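Report on the structure
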Amino acid sequence: MLRHLGFHAPRLAFNFKPRLVDGCNGQSLITRAFSAVVSPPSKAIVYEAHGAPDAVAKLVEIPAVEVKENEVCVKMLAAPINPSDINRIQGVYPVRPEPPAVGGYEGVGEVHSVGSSVSSLSPGDWVIPSPPSFGTWQTYIVKDENVWHKIDKGVPMEYAATITVNPLTALLMLEHCITLNSGDAIVQNGATSMVGQCVIQLAKSRGIHSVNIIRDRPGVDEVKERLKDMGADKVFTENELEVKNIKSLLGGIPEPALGFNCVGGNAASLVLKFLRQGGTMVTYGGMSKKPVTVSTSSFIFKDLSLRGFWLQKWLSTDKAEESRGMIDRLLRLVQEGKLKYKMELAPFDDFNTALDKALGKLGSQPKQGFAI
């Protein structure tokens, strides 16, 4: 489950040590220090070793650093706690910075100051790191101009902070896996996750039906209604799908051509049962930590296809400009009220509570985010 932390006007800085400036052309270090653009001191959530996030993550002070000619100093406003952020701190995510490192991978900030050669950004602009960049859980960040993507300041802060990972994953899976047309259908498990909620709404906007599978839980009727209000056509619990003819539950909806799996185990098998002849299931997560098991008949007689999706791999294949265009599309949908999801913001200094909520220690909670 994706969690995000929201902070109001936090400050983020990714650099652990101040940069040393060598003298040149006879200019003294003291003179250069006074003429250089320097970031404010910062606070950051740092882990010096991999381990349990609530044990290894600490809030520390970060010294000011010089803002070089091609760099931008950004005052972070909000940043989420995603499952991948937790996994990076634990040391189990495939791509991760080596400790000591600042946590966080996406967020939104306001330009504080720019280097002398920066022309595309100005103080006061709102920006997001695109593609996402390590170290967003800090109050001031200094990074190269090319890291930052300017966005409309009219976007709600918490949406701007969380648009790059989950909503973009949902949009890419809907548009890049197979060709879907209006009137087609998709099926997914993990429908209450942030990606799942985005899939429902993005599919609805294209006239694509969605069949959604959720786990059995207290208050399930309320959950079903909430997903249907977002645009879900059908919502079933896993127990409700323990029937012989699962497709009889579709009613007038066509058999899904595409399925999304973020759970694994039995929940993945239920997605496969819904798919039409020649359908495709895309796995982008494994929350149950159980393998995907496929019957031989599904391959031979139904000709089903299985594939995976990893946003970071897609972004690493020279897709920066394309991804920024898709992010702008998503943010317009947010402004039009066509893309919504529930989040909870926590003050940056109260990051321990936010982490506890993201780790599930305090029960089922909305997605967590820091307001910095």
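Residues numbered from 1 in each chain as written. Predicted model: local features only at pLDDT ≥ 70, side-chain atom pairs only at ≥ 80, totals over all residues. Heavy atoms only, no water.

**Some points on the sheet that holds strand E4 (residues 57–62)**
- As summarised here, the arrangement of the three strands in space is E4-E3-E7, forming an open sheet in which the pairing is antiparallel. On the outer flanks of this sheet lie E4 and strand E7 (101–102), each paired with one strand and no other.
- The sheet contact formed by strand E3 (residues 42–47) and E7 spans two bridges and is antiparallel. Residue Tyr-47 lies in a different strand from E7, and its bridge partner there is Ala-101. (Pairing = 2+ DSSP bridges. Helix = DSSP H or I, 4+ residues; strand = E, 2+ residues; numbered from the N terminus.)

**What to know about the confidence of the model for the protein**
- On average, residues of the protein score 88 in pLDDT, and 88% of them are at 70 or above.
- Taken as a whole, residues 1–35 scores under 50 in pLDDT and shows 145 contacts with residues more than four places along the chain or in a different chain. (pLDDT = per-residue confidence, 0-100. Contact = heavy atoms within 4.5 Å.)

**Comments concerning the packing of aromatic side chains**
- Applying the stated rule across the entire model yields four aromatic pairs.
- Consider the rings of Tyr-93 and Trp-310, whose centres lie 6.0 Å apart with planes at 70°: the pair is edge-to-face. Taken together, the residues span a long stretch of sequence, with Tyr-93 in the loop between helix H3 (83–90) and E7 and Trp-310 in the loop between strand E17 (305–308) and helix H10 (311–315) at a distance of 217 residues.
- Directly above the aromatic system of Tyr-105 lies the positively charged group of Arg-88, at a separation of 4.1 Å from the ring centroid. (Phe/Tyr/Trp six-rings, centres within 6.5 Å; stacked < 30°, edge-to-face > 60°. Lys NZ or Arg CZ within 6 Å of the ring centre and 35° of its normal.)

**So, the sheet that holds strand E15 (residues 258–261)**
- If you trace the six strands from one edge of the open sheet to the other, you get E14-E13-E12-E15-E16-E17, paired in parallel fashion. The outermost strands of the open sheet, each flanked by one partner alone, are strand E14 (234–237) and E17. Neighbour-to-neighbour, the strand axes of the sheet open up by a mean angle of 20°, direction not taken into account.
- Sheet topology places strand E12 (residues 185–189) next to E15; three bridges connect them, and they run parallel. (Axes fitted to C-alpha atoms, helices over the stretch in contact; angles between N-to-C directions.)

**Topic: the pattern of salt bridges**
- Here the structure, examined in full by the defined rule, presents eleven salt bridges.
- Put simply, Lys-43 and Asp-349 hold a salt bridge, and the shortest N to O gap is 3.6 Å. Separated by 306 residues along the polypeptide, Lys-43 in strand E3 and Asp-349 in the loop between strand E18 (343–347) and helix H12 (351–358) bring together distant segments of the chain.
- Salt bridges here are not isolated pairs; linked through shared partners, they connect Asp-54, Asp-356 and Lys-361. (Salt bridge = Lys/Arg side-chain N within 4 Å of Asp/Glu carboxyl O.)

**Description of helix H7 (residues 220–230)**
- For H7, the full list of buried residues reads Val-220, Val-223, Lys-224, Leu-227 and Met-230. Down the axis of H7, the smallest arc covering the buried residues is 120°, so these residues share one side. Away from the buried face of H7 by more than 90 degrees, exposed residues Asp-221, Glu-222 and Asp-229 are located.
- The inward-facing, buried residues of H7 abut helix H6 (194–205), strand E13 (209–214) and E14. (Buried < 20%, exposed > 50% of the residue type's maximum accessible area, 1.4 Å probe, protein only. Arc of directions from axis to C-beta.)

**Concerning the side chain of Ser-42**
- Looking at where Ser-42 falls in the secondary structure, it is placed in strand E3.
- Its relative accessible area of 2% is what places Ser-42 among the buried residues.
- Among the polar contacts made by the side chain of Ser-42, one reaches the main-chain amide nitrogen of Tyr-140 at a distance of 3.1 Å. (Polar contact = N/O pair within 3.5 Å; in protein donor to acceptor, adjacent residues only side chain to side chain.)

**With respect to the packing of helix H5 (residues 166–176) against helix H11 (residues 320–335)**
- The contact between H5 and H11 brings their axes to 10 Å, and the two run at 105°. For the element pair H5 / H11, the angle class is roughly perpendicular. Two secondary-structure elements touch here, H5 through Pro-167, Leu-168, Leu-171, Leu-172, Glu-175 and His-176 and H11 through Glu-322, Ser-323, Met-326, Ile-327, Arg-329 and Leu-330.
- Of the residues that constitute the contact of H5 with H11, the class distribution is seven nonpolar, two polar and three charged. (Parallel < 35°, antiparallel > 145°, perpendicular 65-115°, else oblique. Nonpolar A, V, L, I, M, F, W, Y, C, P; charged D, E, K, R; others polar.)

**Thoughts on the nonpolar core**
- Val-108, Ile-163 and Phe-260 are the most contacted members of the largest nonpolar core, which has 51 residues in total.
- Looking at this core, the elements with two or more residues in it are strand E6 (71–80), strand E9 (126–129), helix H4 (157–162), H5, H6, E15, H10 and H11.
- Setting aside chain neighbours within four positions, we find Val-108 in contact with Met-76, Leu-77, Ala-78, Trp-126, Val-127, Ile-128, Ile-151, Met-157, Ala-160 and Ala-161.
- By size, the runner-up hydrophobic cluster in this structure holds 31 residues, among which are Tyr-47, Val-72, Leu-121 and Ala-346. (Core = buried A, V, L, I, M, F, W, Y, C linked by side-chain atoms within 4.5 Å.)

**As for unusual backbone geometry**
- Omega for the bond connecting Pro-99 with Pro-100 falls within 30 degrees of zero, at 0°, which places this linkage in the cis form.
- Counting through the fold element by element, Pro-100 comes out in the loop between H3 and E7.
- Cis geometry is adopted by the peptide bond preceding Pro-131, which originates at Ser-130 and carries an omega value of 0°.
- Notably, Lys-289 is not glycine yet its phi reads approximately 60°, a positive angle.
- For Lys-289, the location among the structural elements is in the loop between strand E16 (280–283) and helix H9 (296–300).
- Residue Lys-289 is classed as exposed on the basis of its relative accessible area of 78%.
- Positive phi, normally seen in glycine, also occurs at Asp-303, with a value near 55°.
- Inspection of the secondary structure puts Asp-303 in the loop between H9 and E17.

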